[in-house]
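Secondary and tertiary structure notes
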Amino acid sequence: MKSFFKNIWLLPLLISCFVQESRAQNEIIDYSDKETYEIGGITIIGAENRDRNAIKSIAGLKEGMKVQVPGPDITGAVKALIKLKLFEDVQIYRDSVDGKVVFLRMVLVERPTLSRWSYKNIKTSKQEDLNDFVKNILTKGGIVTDDQKELAMAKIREYYIGKGHYDVAVKVNEYPDESKKGSVRLEFDVNPKDRVKVEDISFEGNNSYSDRKLRKKMGKTKRKGTLFRKSKFIEKEYDEDLKALTTFYHNQGYKNMAIIRDTTYRGKDGNMMVDIKIDEGKRHYFRDITWKGNSLYTSEQLYTILGITKGDVYNPELLQNRLKFSLDGRDISSLYLDDGYLSFEVNPVEIAVENDSVDIEMRIYEGPQFTVNNIIIKGNDRTNEHVVRREIRTVPGQKFSRSNIIRSQREIINLGYFNPEKLGVTPQVNQSNGTVDIEYTLEEKPSDQLELSAGYGGFNGLIGTLGVVFNNFSLANVRDRSTWSPLPQGDAQKLSVRLQSNSRFFKSYNFSFTEPWLGGKRPTSFTLGAVQTAFDYTLSGSGKLKITRGFIGLGSQLKWPDDFFSSSTTLNIEQIQLDNFRAGGFAVSKGTFNNFNFKQVFTRSSINDPLFPRSGSRMSLTLQFTPPYSLFKKPKFFNPSDAEIADIRRELIFENGPGRPVTEEQVQAKIDELREANKFKFLEYHKWKFLAEWYFNLVDKLVLAANAKIGILQAYNNDIGIPPFERFEVGGDGLNNQNAGLQGKEIIALRGYDTRDITGNGAPTTSGGYQGAPAYNKYTLEMRYPLSLNPNSTIYLTGWVQGGNAYKTFREFNPFDLKRSAGVGARVFLPMFGLLGFNYGWGFDKTPADGKYATFNIVLGFEPE
């Protein structure tokens, strides 16, 4: 202590020396010595990549300016530069003084810039989601501040909490970036931890409905152990479920129901406990409903359409549907909006609530009628405008009609050229002249299909397929190279070419062309096509088959009973040539058979989307018939002469080979076969098919599809009988039996069963074929849920139950004698390849002798019948 006091006198000297040293090095400004100078120059040290003039401008200092040193201008300059948050340190020194001129020096220490950021322990798909938040906070090449890092971590935590990860932990690490001087990189270390599940949901005050019933109404917040639903607590979804719970009560007549309290807290194991207290109130009923402001329709007419009577349970949702918009068109607004009253409004007002009864007054503003002025079409980049315009039901000069707009949307979607999710309709009202312009906004999607595949066809070996379908072809634009992609397009014509071959045993050629608006004025379609199929099994001793068919057809839209009906008429000219062909299961193996027939189809379709229908129905009745030749000319049956019998014997000797005698049974069988072939030289039959399909959107995107199919083949003349061709073959997936379809039979897929499992198909031949059935039925009930409705990749899952059967004669036909099955499957529609998918089915009516109960089928290019 004594030595300290002895040396304390040296302290002033040391301070003086330090100040002199500092002045010598940096000329630190002495704030006790204030004097006004003119700035002679400003030297900036540091911030090499920054604009010097910009720094001076922001600091508010420039050469020639008079400042007080020290003074407020110098202090203000430091504060202005610090405020930019670009610099960690800012100092201003007096370099030198020449009379009244001062030379200043700024020393700037920059903050590091951000070169990049990354995540630790996070999947790539999640990183993309997080980047959507972080990129709005951090900027590559920008300065990183502590506030920005905290905000970025908060946004990441917010994202995971929104997904139910309430215990998420986030921290950020900052590292120098060795690849870029003066830069840093950030690493967000994220530990999402497990989602917080819902341990229990309990209710208090619910006297009318059980806890179980109310939990079901909470569609997104589910307890642990709920079947088919993951348990997770997400606050946003929980709030939506509380609103859904309230809506449920209100629609059951409890108009004053309220949630008094809802409490959420973490249990011992960390899961969420939910307690909800409800005040149900009294159940209410509609009493008197009156109308005010209606001049076009009487109150009785409006009351009938409303369909709500005195004493019905008070239901605000039903009331709004009947007033504003109902899927079945049964609403008051449709009555007015379909008659041009675009500005029509109706507001229900509760004018009295007495005990449990509610009186409603409907206050109507009818407004003026509007007519359609202009139709505007946008977004049809490839499809010609007249193709879209001819499908639109809203016509300039006609009264505005909401039903016509809805129908126009359906017709445009059914073209298959536009994205149904992006189709927009915007009415643009012109109040001054009482007209409305309607704008249709479209987005083109790929519609052409390419089929390039190879498959193993058993004895046929490897079969290659090359097929193209141009659904928006334009014959008129052949000379306009700007429309080629890869062929001319834009006129909604359809051109299809398909080739199949394995070079040795099988060849098939298919061509068709369709013009949907023949003449361009009416929706009359014209179709022209040809098909040729040839099988050559001579190497295996099964002979040859060749089928050549040409067809021409006309189709038209009908106005009666309504304009959902259409008619299609096709003339088919077909020739079937058999040369000892024994692979098809036919009753004949040799001869030439002519199949000249007319095909008439009546269809009613109100389906809203051909790819994934969610509503509507389709019904069709098909009649295919040949001329009744035997009614005009008595048939002559084959009775061989002695010479012809001798030829038959020689042919059998050749077929049997050396050492095997020809029996009389063989000769008679051959005669019977020739007799059959003679009978069917010109096929005569009438064939009936009925199809009905219904689609119901149950909830969200879940769709229930139901369909029924029946087919019957009959003869005009019982002496001639049913022909061996045009029969039905039931079972399989429609692909394994593809050859049968090309060989004059119609394939009906039955999931869960092979062709051999259906006895009505007839006895199998030695070659494995089946004779086919003259009658069949099939019923399907299916649940569909889409994973993607993107037109470039439509994907949906399906679960189904199905029943069907084939019958050897019409007398055996029984719509309730079914082969039942159930299963699951998936479908993927790719515009360039068509429909792909699979079915896994379980046949309930199989026996151990039939083999395995479950079958796995693949769907390629089309949905089998």
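Now for a look at the structure at hand. (Residues numbered from 1 in each chain as written. Predicted model: local features only at pLDDT ≥ 70, side-chain atom pairs only at ≥ 80, totals over all residues. Heavy atoms only, no water.)

**Quick word on the packing of helix α15 (residues 642-656) against helix α16 (residues 664-679)**
As a packed pair, α15 and α16 sit with axes 10 Å apart at the nearest point and diverge in direction by 115°. When the interaxial angle is binned, α15 and α16 end up roughly perpendicular. At the point where α15 passes α16, the crossing takes the right-handed sense. Taking contact as the criterion, the partners of Ile-645, Ile-648, Arg-649, Glu-651, Leu-652, Glu-655 and Asn-656 in α15 are, on α16, Glu-664, Gln-666, Val-667, Lys-670, Ile-671 and Leu-674. (Axes fitted to C-alpha atoms, helices over the stretch in contact; angles between N-to-C directions. Helix = DSSP H or I, 4+ residues; strand = E, 2+ residues; numbered from the N terminus. Parallel < 35°, antiparallel > 145°, perpendicular 65-115°, else oblique. Left-handed = near helix turned anticlockwise from the far one by under 90°. Contact = heavy atoms within 4.5 Å.)

**Let's talk about the sheet that holds strand β12 (residues 345-354)**
Strand order in this open sheet of three strands is β11-β13-β12, and the pairing throughout is mixed. Each having just a single partner strand, β11 (285-292) and β12 make up the two edges of the open sheet. Here the strands of the sheet are splayed against their neighbours by 25° on average, with no regard to which way each runs. Pairing between β12 and strand β13 (residues 357-365): nine bridges, direction antiparallel. Within β13, the position partnered with Glu-345 by the bridge is Tyr-365. (Pairing = 2+ DSSP bridges.)

**Quick word on α16**
End to end, α16 covers 22 Å across 16 residues, agreeing with the expected 22 Å (1.5 Å per residue, within 8%). Where α16 is buried, its residues meet β24 (590-605) and α15. (Expected span 1.5 Å × (residues − 1).)

**So, the pairing of strand β4 (residues 101-110)**
Residues in a regular strand project their side chains so that they alternate between the two faces of the sheet. Direction of pairing for strand β1 (residues 35-45) relative to β4: parallel, over a ladder of seven bridges. The residue of β4 that forms the bridge with Glu-38 is Val-101. Strand direction decides the pairing type here: strand β3 (residues 87-98) and β4, joined by 10 bridges, are antiparallel. For Val-97, the partnering residue across the bridge sits in β4 and is Val-102.

**Considerations on a nonpolar patch on the surface**
Taken together, the side chains of Phe-602, Met-619, Leu-621, Trp-688, Phe-690, Trp-694, Phe-696, Leu-698, Val-699 and Met-783 define a hydrophobic patch exposed on the protein surface, amounting to about 890 Å² of accessible area. A per-element tally of the nonpolar patch places strand β26 (residues 686-699) first, with six residues. In this structure, Phe-690 sits in strand β26. (Patch = residues over 30% accessible without salt bridge, like charges linked within 9 Å, V, L, I, M, F, W, Y side chains within 5 Å. Areas by Shrake-Rupley, 256 points an atom, 1.4 Å probe, with all protein chains shown as cover. Salt bridge = Lys/Arg side-chain N within 4 Å of Asp/Glu carboxyl O.)

**Details of the packing of helix α5 (residues 124-134) against helix α6 (residues 146-162)**
Here α5 crosses α6 at 130°, and the two axes come no closer than 9 Å. Between α5 and α6, the angle falls in the class oblique. Seen along the crossing, α5 lies across α6 with a hand that is right-handed. Only Lys-155, Ile-156, Tyr-159 and Tyr-160 of α6 make contact with α5, whose side of the interface consists of Lys-126, Asp-129, Leu-130, Phe-133 and Val-134. Tallied by class, the residues present in the contact of α5 with α6 amount to six nonpolar, no polar and three charged. (Nonpolar A, V, L, I, M, F, W, Y, C, P; charged D, E, K, R; others polar.)

**Digging into empty space enclosed by the protein**
The rolling of a water-molecule-sized probe over the atoms marks out the regions of remaining empty space. This structure, assessed with the given rule, holds two cavities of 30 Å³ or more. Lining the largest cavity, in full, are Pro-420, Glu-421, Lys-445, Asp-609, Leu-611, Phe-612, Leu-789, Pro-791 and Thr-794. Roughly 40 Å³ of internal volume is contained in the second largest cavity. Along the walls of the second largest cavity sit Asp-448, Phe-470, Asn-472, Phe-473, Ser-485, Pro-486, Leu-487, Pro-488 and Gln-489, which together make up its complete lining. The residue makeup of the lining of the second largest cavity, split by class, is five nonpolar, three polar and one charged. (1 Å grid on protein atoms, 1.4 Å probe; cavity = no way out; pocket = protein on both sides within 12 Å on 5 of 7 lines; lining within 4 Å. Points joined across faces, edges and corners; volume = space filled by probe spheres on them.)

**So, the nonpolar core**
Core analysis: the largest hydrophobic core is formed by 29 residues, its most contacted members being Leu-578, Phe-593 and Phe-725. Only β21 (524-537), β22 (543-557), β23 (565-579) and β28 (728-730) provide two or more residues apiece to this core. Contacts of Leu-578, omitting those with residues within four sequence positions, involve Lys-544, Leu-545, Phe-586, Val-588, Ser-589, Lys-590, Gly-591, Phe-593 and Phe-725. Core analysis: the second largest hydrophobic core is formed by 22 residues, Val-372, Ile-405, Ile-412 and Ala-492 among them. (Core = buried A, V, L, I, M, F, W, Y, C linked by side-chain atoms within 4.5 Å. Buried < 20%, exposed > 50% of the residue type's maximum accessible area, 1.4 Å probe, protein only.)

**As for the pairing of strand β19 (residues 493-501)**
Both β19 and strand β20 (residues 506-515) contribute to a ladder of eight bridges, which runs antiparallel. Residue pairing across strands places Leu-499 opposite Tyr-509, the latter belonging to β20. Here β19 folds back onto β20 in antiparallel fashion, the turn holding four residues, of which Ser-503 has a positive phi close to 75°.

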